[in-house]
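Residues per chain, in single letters:
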Amino acid sequence: MLRPFLWVILPYISLTIFISGHIWRYQYDQFGWTSKSSEVLEKKQLRLGSLLFHWGILFVFAGHVMGIFIPESVYATLGITEETYHLIALVGGIPAGLAALIGLLILIRRRATVKRVRATSSRGDWIALFFLAVVILTGLSATLFNIDSNGFDYRTTIGPWFRSVLAFRPNPAYMEQVPIIFQIHVIAALGIFAVWPFTRLVHIFSLPLRYFNRSYVVYRKHMPKQTDQPHDIY
C-alpha cells in the first residue's frame, strides 16, 4: 500500500499543491510575492552563500534535465555511451552539488547566527531550507555512492517513472529497485514542490518581463518658484 502512495498518489498531491498554491498566492498575496531580501541586514555572508548556492543549483538543475527528462535512447542515438555520460555527470554534478551545499550551509548559518536576520525569518524560510538541505545532501550522497559506472542507472528507473507521472500513466514498478538514498531524494523533492508556493521560493517565477514594454518614467526637475518682483539694488 505504501508503494502506490509514494510513487502514484504523492506526486500528484505535490503537483496539485504546487500549481493551485501558486495561483492562490498570486491572487491573494501579490505583495508577499518576493524574495524578502535581507541584504540590508547582512551582506558579506549573503553575497558568498547566495552566489555559490544559486550557481550550484543552476547546474544541478541542468544535470537533472539531462538525466531525467531526456531518455537514454537519445544519448544512444547520439553515440554517447553509459561510461561517457556517467563521467560527464560526475565531473559536472559533484562540483555543482558541493557549491550548492556549501552555499546553502552558509545561508543557514547566516540565518541562525545573525540576530537581525533570525528575527525576520519565518517558519516558511526554515521549512524551505530544511527540504533544500535534504534534497542536496541526498542527491550529492547518491552521486558519490554511485561513482562506479556499472552501478545504479537512474536513467532507466527514476527517469522513466518521472516521465510516466507527467504523462499521467504512472508506473511505480520503475521505483522497486531504486536504492533508498535515491528514494529519499525524490520524496524530499516532492516535499519542496508542495511547500514552494508558501515560501519565498516563489520569487523564482518573478521574471521582470514587463520591464521591456513598460512606459518610460518621466522625471520633472523641481525648479524654485520665480518671483515677478524686481530686486532692489542698493
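Preceding block: the structure.
Okay, so let's go over this structure.

About the criteria used
- Residues numbered from 1 in each chain as written.
- Predicted model: local features only at pLDDT ≥ 70, side-chain atom pairs only at ≥ 80, totals over all residues.
- Heavy atoms only, no water.
- Patch = residues over 30% accessible without salt bridge, like charges linked within 9 Å, V, L, I, M, F, W, Y side chains within 5 Å.
- Areas by Shrake-Rupley, 256 points an atom, 1.4 Å probe, with all protein chains shown as cover.
- Salt bridge = Lys/Arg side-chain N within 4 Å of Asp/Glu carboxyl O.
- Buried < 20%, exposed > 50% of the residue type's maximum accessible area, 1.4 Å probe, protein only.
- Helix = DSSP H or I, 4+ residues; strand = E, 2+ residues; numbered from the N terminus.
- Polar contact = N/O pair within 3.5 Å; in protein donor to acceptor, adjacent residues only side chain to side chain.
- Contact = heavy atoms within 4.5 Å.
- 1 Å grid on protein atoms, 1.4 Å probe; cavity = no way out; pocket = protein on both sides within 12 Å on 5 of 7 lines; lining within 4 Å.
- Points joined across faces, edges and corners; volume = space filled by probe spheres on them.
- Nonpolar A, V, L, I, M, F, W, Y, C, P; charged D, E, K, R; others polar.
- Expected span 1.5 Å × (residues − 1).
- Bend = angle between axes of the 7 residues up to and from the residue.

1. Side note on a nonpolar patch on the surface
On the surface, Leu 2, Phe 5, Ile 9 and Ile 13 cluster together into a nonpolar patch covering about 360 Å² of accessible area. Look at Ile 13 and you get partly exposed, because its relative accessible area is 38%.

2. Things to note about the side chain of Ser 121
Mapped onto the elements, Ser 121 comes out in the loop between helix H5 (115-119) and helix H6 (123-145). Overall, the relative accessible area of 17% leaves Ser 121 in the buried class. A polar side-chain atom of Ser 121 sits 2.8 Å from the main-chain carbonyl oxygen of Val 117. Residues within four places of Ser 121 in sequence aside, it is in contact with Arg 111 and Trp 126.

3. Regarding empty space enclosed by the protein
In total, this model carries one cavity of 30 Å³ or more according to the counting rule given. Considering only enclosed or pocket space, the largest cavity measures out at about 50 Å³ in volume. Residues of the lining of the largest cavity, tallied by class, amount to four nonpolar, two polar and three charged.

4. What to know about helix H4 (residues 82-113)
Taking 1.5 Å per residue, 32 residues should reach 46 Å; H4 reaches 45 Å between its end C-alpha atoms and fits that length. By the largest-angle criterion, Gly 93 marks the main kink of H4, which is about 25°, and a proline, Pro 95, follows within four residues.

5. Things to note about the pattern of salt bridges
Taken as a whole and assessed by the stated rule, the structure comprises eight salt bridges. In this structure, Arg 200 engages Asp 125 in a salt bridge whose closest nitrogen and oxygen atoms are separated by 2.9 Å. Placement of the pair is Arg 200 in the segment after helix H8 (180-195) and Asp 125 in helix H6, with a sequence separation of 75 residues. Connected through shared salt-bridge partners, Glu 72, Glu 82, Asp 153 and Arg 155 make up one network.

Keep in mind these values describe shape, not function.
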